[in-house]
Every structure is written in structure tokens, then in C-alpha cells.
Amino acid sequence: MTLKDKWILITGASKGLGREMAILLARAGANLILTARTAELLEELKAGIVAGGSECLAIAGDLRDNSVLESVKSLCIEKELDILVNNAGVVDITKLEGVSDERVDEVIELNLTIPIKLTKGVIEMFKKRKSGVIVNVNSAGGKKPVPDHTIYCASKYGFNGFAETLKLEIKGFGIRIISVCPGKMATELFNAADRPMDTKAFIDPREVAEGVLYMLEMSSKCSHAELNVDRMS
Ligand SMILES: NC(=O)c1ccc[n+]([C@@H]2O[C@H](COP(=O)([O-])OP(=O)(O)OC[C@H]3O[C@@H](n4cnc5c(N)ncnc54)[C@H](OP(=O)(O)O)[C@@H]3O)[C@@H](O)[C@H]2O)c1
């Protein structure tokens, strides 16, 4: 499948894996809708993408804010979105008794509820058109338990359950779900959770983004796909 002139939404595009995917997908000819909270980073990324010849729209805001989420969903419909990339996420590394209820809500909402609502926002259009791709950035922690990542793993296991069950609903509609399950990547995810780590041995997010590009360009004969990549221990 060619990505030329396809409209793609990437959540969490300001940094990390989202930013790497935005750069590679734009280079492949796609038009992008980018979201994240940090307006300056989004605008800088957008300027580079537009200079490269693609169309790019940026919505800066917290996806947990309903008005931001609704604006993103409306734009997806207006642009007749081709590919939804559910990437924005947060990690929490705390023993259960130490996690505040607010933090539980934040992790579950961003990693699970918002991807469900965004998918719900485009699925009818995808079904009517009989085409569309959903890229879900999950995690190795969505498939195996990771110590002290209890809420994070709960959100990612839930996200995986959502995707696997949705596959049954969309059978025969020409819609593909691509699941991306990396191990630890060298991004700012752990800083954002106040758990800075030495990321030297972590996976370069560019390599994961290259895997996503490869899977998106597979022919329409290919159904759902999954990218599992853990780091060498
Ligand atoms: N890094 C890893 O080791 C690793 C491993 C497996 C899976 N993953 C998954 O990969 C995905 C991307 O993470 P990353 O490693 O690239 O982390 P990252 O560098 O921290 O990027 C996270 C992105 O999400 C955005 N974001 C965070 N909270 C948001 C909110 N409330 N509303 C809107 N946007 C928000 C951030 O932008 P702003 O701060 O500008 O809002 C940023 O663009 C996540 O789903 C994560 O679970 C990461």
C-alpha cells in the first residue's frame, strides 16, 4: 500500500516514537494530523513536514480534555482519515499502594480509554469505506507482567484485549489492526513519570518507527500484523 496522500493521525507526536513515526510517514508521502500537549514541539515538527511537501495539521492539547478529543475526532472525519495511530501514552512505576487514584485514572484514560474513543470515532467511516488501518502502540508490558508496572500493564493488557476483540467485529470490512509491542525504548517516557533511566541499551525508537512503516506499506492482501521487539538483555 502506498502512503502517498493518505491522511494519518498520530497521537503523542511531539517526541519519542510518535515523532519518529511522523517524520518517516511524511517522508513516505503521507499527510499528517499531529497531537500532543507541547505546542512548540508540534509546530517545529509540522514546519519540517510541510517543508518536505506533505500537508500537516497540529492540535495541541491534553487528550484527556474532552474538547481537545472532540476536535481531533472531527478533524479525522473532515479529512476522511485513512490511518489512526494510537501512540500517546504514559508509564507509571510504583507499587500499587503508592499510586494515587488520580494517577490510576490518568494512566488508564490515556493508554486505554482515549484510544478506544478515537477508534470509536473513526470505525463507522472505515467500515462504510471498507478500508482503514489502526496502529496501536502497545508494549511488551501488554503481554507479560513487569514488576511495579501494575497500572501500566493493566492499561496495556486492556488495550490488547480491546484490539483483539475488535478484530472479530471488523472481519470482512477491509480494516487492518497493527499492534506494536516494543520493550524499553530510549525516549522520555520514564522522565515524564519521574523515573529517569539510563537508556543507552534501550531500543532506538527510529527502528520501531521503521518497522511500523514497513507494516503499513504491506499490500492490502495482508491482514492484521504485529511488531514485537524487545531489547537484548
Ligand atoms: N519508551 C518505552 O520504553 C516504551 C516501551 C513500550 C511501549 N511504549 C509506548 O510507546 C508509546 C509512546 O511512548 P514514548 O516512549 O515515545 O514516550 P514519550 O517520548 O514520553 O512520548 C509520549 C507522547 O505522548 C504525549 N502525551 C503524554 N500525555 C499526553 C496527554 N495527556 N495528552 C496528549 N498527549 C500526551 C507526549 O506529548 P506531550 O508531553 O507534549 O503531551 C508525547 O508526545 C506509549 O504508548 C508507550 O506506552 C514505550
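None of the values given here were measured: they were computed from a predicted structure. (Residues numbered from 1 in each chain as written. Predicted model: local features only at pLDDT ≥ 70, side-chain atom pairs only at ≥ 80, totals over all residues.)

## Regarding the overall build of the protein
Thought 1: If you tally the helices and strands in the protein, you get 7 helices and 7 strands.
Thought 2: Each helix (α) and strand (β) of the protein, taken in turn from the N terminus, gives the series β-α-β-α-β-α-β-α-β-α-β-α-α-β.
Thought 3: Computed over C-alpha atoms, the radius of gyration of the protein comes to 17 Å, within 12% of the 17 Å expected from 2.2 N^0.38 for 233 residues, which places it in the range of a compact globule.
Thought 4: Dimensions along the principal axes, computed over C-alpha positions, put the protein at roughly 45 × 40 × 40 Å.
Thought 5: Residues counted as buried form 38% of the 233 residues belonging to the protein. (Helix = DSSP H or I, 4+ residues; strand = E, 2+ residues; numbered from the N terminus. Rg over C-alpha atoms; globule rule 2.2 N^0.38 Å. Buried ≥ 20, exposed ≤ 12 C-beta atoms within 10 Å, placed from the backbone.)

## So, helix H2 (residues 39-51)
An α-helix turns once per 3.6 residues; consequently, residues spaced three or four apart project the same way.
Thought 1: In a regular helix each residue adds 1.5 Å, so 13 residues correspond to 18 Å; H2 covers 18 Å between its end C-alpha atoms and thus fits that length.
Thought 2: Restricting attention to buried positions, one finds in H2 the residues Leu42, Leu45, Lys46 and Ile49. End-on, the buried residues of H2 take up no more than an arc of 105 degrees, which puts them together on one face. Looking at H2, the residues exposed on the side facing more than 90 degrees away from the buried face are Glu40, Ala47 and Ala51.
Thought 3: Lining the buried residues of H2 we find helix H1 (16-27), strand S2 (31-36) and strand S3 (56-60).
Thought 4: Taken from the residues just after H2, glycine 53 is the one with a positive phi, measuring 105 degrees. (Expected span 1.5 Å × (residues − 1). Arc of directions from axis to C-beta. Contact = placed C-beta atoms within 7 Å.)

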